[in-house]
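# Tertiary structure, described
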Amino acid sequence: MCDLYTGTWVKDGDYPIYKPGSCPYVDEAFDCQSNGRRDSDYLRWRWKPHGCDLPRFNGTDFLDRLRGKRLMLVGDSMNRNQFESLLCLLREGLTNKSTMYEDYNCTVVYVLSHFLVKEGVRINEQGNSNPTLSIDKIDKTSDRWKRADILVFNTAHWWVHGKTARGINYFKEGDYLYPKFDAVEAYRRALKTWAKWIDENFKLEKKLVFYRGYSSAHFSGGDWNSGGSCTGETEPISSGSILDTYPLKMKIVEEVIWEMKVPVILLNVTRLTNSRKDGHPSMYGKKLTEGDTKSTRQEDCSHWCLPGVPDAWNELIYATLVFKKLF
């Protein structure tokens, strides 16, 4: 089996696997063509690992493998992006597109968890409520995780924004609120809390657990809340240092997974997303209205258009099931 995560994007006339605007599961925020995006080359790219080809995504075969099972994606809105992609890919394999559950008795579900650990609030001296994050306690949704047969976890983007990145009167362990705490170390400890929970709760059960790695953002000229843009990008990046960028958080993910007792498959999409500056909603995260211009809209250069890049993430999950003969 080759390294599925080292490769290149190649143009493929048979892509995308489902047509833009054809899938009812895509949120407006990811439905770029319906929102006015007119270029379409970004839809034509297929991920090709060096040394092998991914099996063509077969929705019917995937559903057969899911028969009687529950697949759950747990994480932030990037996992919702991937969840909607998966529903569309599976739906495309059906002759009768309204009978996915009835025919296969399977469930595909998304559970929102920004950090995988417990969010909370505290009342400050002025009587106002402020958010906190307990990096030593698992998220309140964890009871639901136990009911899944296949799980895909992620947490990343919320760790680099605002209060989380600043780490002032925000991170907790036990009853202790840190006046200031490093966000990278907090991320490490939160992941270890997640890993410990997985090891304790899944050690005797046959679960297939994925952790999806960091997905690259491509803001230029600012950040998500300060005028950053990616509108007008129509081709993947072909050269430059960004192609080899690998965040410290991903090295932490690798270290934590390596130390776990329960085997976790790292869906390591970081480098394959590094080049795809063309794949984001940019200014097309909602329908254009009269008077809308690039300068009047906050752009989304973190999430991905659908069809698009998250389809490749789900192709990688399918390839793993096929190559490893799972389910």
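Residues numbered from 1 in each chain as written. Predicted model: local features only at pLDDT ≥ 70, side-chain atom pairs only at ≥ 80, totals over all residues. Heavy atoms only, no water.

So, on to the sheet that holds strand β3 (residues 70-75). On the basis of which strands lie adjacent, the open sheet formed by five strands has the order β4-β3-β7-β10-β11 and parallel pairing. A single partner strand is all that each edge strand has here, and the edge strands are β4 (107-112) and β11 (264-267). Here the strands of the sheet are splayed against their neighbours by 20° on average, with no regard to which way each runs. By the bridge criterion, six bridges tie β3 to β4 in an arrangement that is parallel. The residue of β4 that forms the bridge with Val 74 is Val 111. (Pairing = 2+ DSSP bridges. Helix = DSSP H or I, 4+ residues; strand = E, 2+ residues; numbered from the N terminus. Axes fitted to C-alpha atoms, helices over the stretch in contact; angles between N-to-C directions.)

Quick look at the packing of helix α2 (residues 77-92) against helix α9 (residues 309-323) now. For the pair α2 and α9, interaxial distance at closest approach is 8 Å and the crossing angle is 70°. By the angle between their directions, the pair α2 and α9 is classed as roughly perpendicular. Considering the relative orientation of α2 and α9, their crossing is right-handed. For the pair α2 and α9, the contacting residues are Met 78, Asn 81, Gln 82, Ser 85, Leu 86 and Leu 89 in the first and Pro 310, Asp 311, Trp 313, Asn 314 and Ile 317 in the second. (Parallel < 35°, antiparallel > 145°, perpendicular 65-115°, else oblique. Left-handed = near helix turned anticlockwise from the far one by under 90°. Contact = heavy atoms within 4.5 Å.)

Moving on to the state of the cysteines. Considering all chains together, one arrives at four disulfides under this definition. Note on cysteine connectivity: Cys 230 is disulfide-linked to Cys 301, with sulfurs 2.2 Å apart. With the S-S dihedral at roughly -100°, the linkage between Cys 230 and Cys 301 falls on the left-handed side. With Cys 230 in the loop between β10 (208-212) and α7 (248-258) and Cys 301 in the loop between α8 (270-274) and α9, this residue pair connects regions lying 71 residues apart in the sequence. Just as Cys 230 is buried, Cys 301 falls in that class too. Numbered by order of appearance in the sequence, the disulfide-linked cysteines of the chain pair as 1-4, 2-5, 3-8, 6-7. (Disulfide = S-S within 2.5 Å. Buried < 20%, exposed > 50% of the residue type's maximum accessible area, 1.4 Å probe, protein only.)

What follows deals with the packing of aromatic side chains. Counted by the stated rule, this structure contains 18 aromatic pairs. Between the aromatic rings of Trp 9 and Trp 47, the centroid separation amounts to 5.4 Å while the plane-to-plane angle is 65°, which identifies the pairing as edge-to-face. Of this pair, Trp 9 sits in strand β1 (residues 7-11) while Trp 47 sits in strand β2 (residues 45-49), and the two are 38 residues apart along the sequence. Taking relative accessible area as the criterion, Trp 47 reaches 3% and is therefore assigned buried. Ring plane angle 70° and centroid distance 5.3 Å describe the contact between Phe 153 and Trp 194, whose orientation is recorded as edge-to-face. With Phe 153 in strand β7 (residues 150-153) and Trp 194 in helix α6 (residues 183-202), the pair connects residues that are 41 residues apart, well separated along the chain. Overall, the relative accessible area of 0% leaves Phe 153 in the buried class. Grouped by ring-pair contacts, the aromatic residues Phe 115, Trp 158, Trp 159, Tyr 170, Phe 171, Tyr 176, Tyr 178, Phe 181 and Tyr 187 constitute a single cluster. Arg 37 extends its terminal NZ or CZ atom over the ring of Tyr 42, reaching a point 3.7 Å from the ring centre. One residue, Arg 276, lies across the ring of Trp 9, its end atom 4.6 Å from the ring centre. (Phe/Tyr/Trp six-rings, centres within 6.5 Å; stacked < 30°, edge-to-face > 60°. Lys NZ or Arg CZ within 6 Å of the ring centre and 35° of its normal.)

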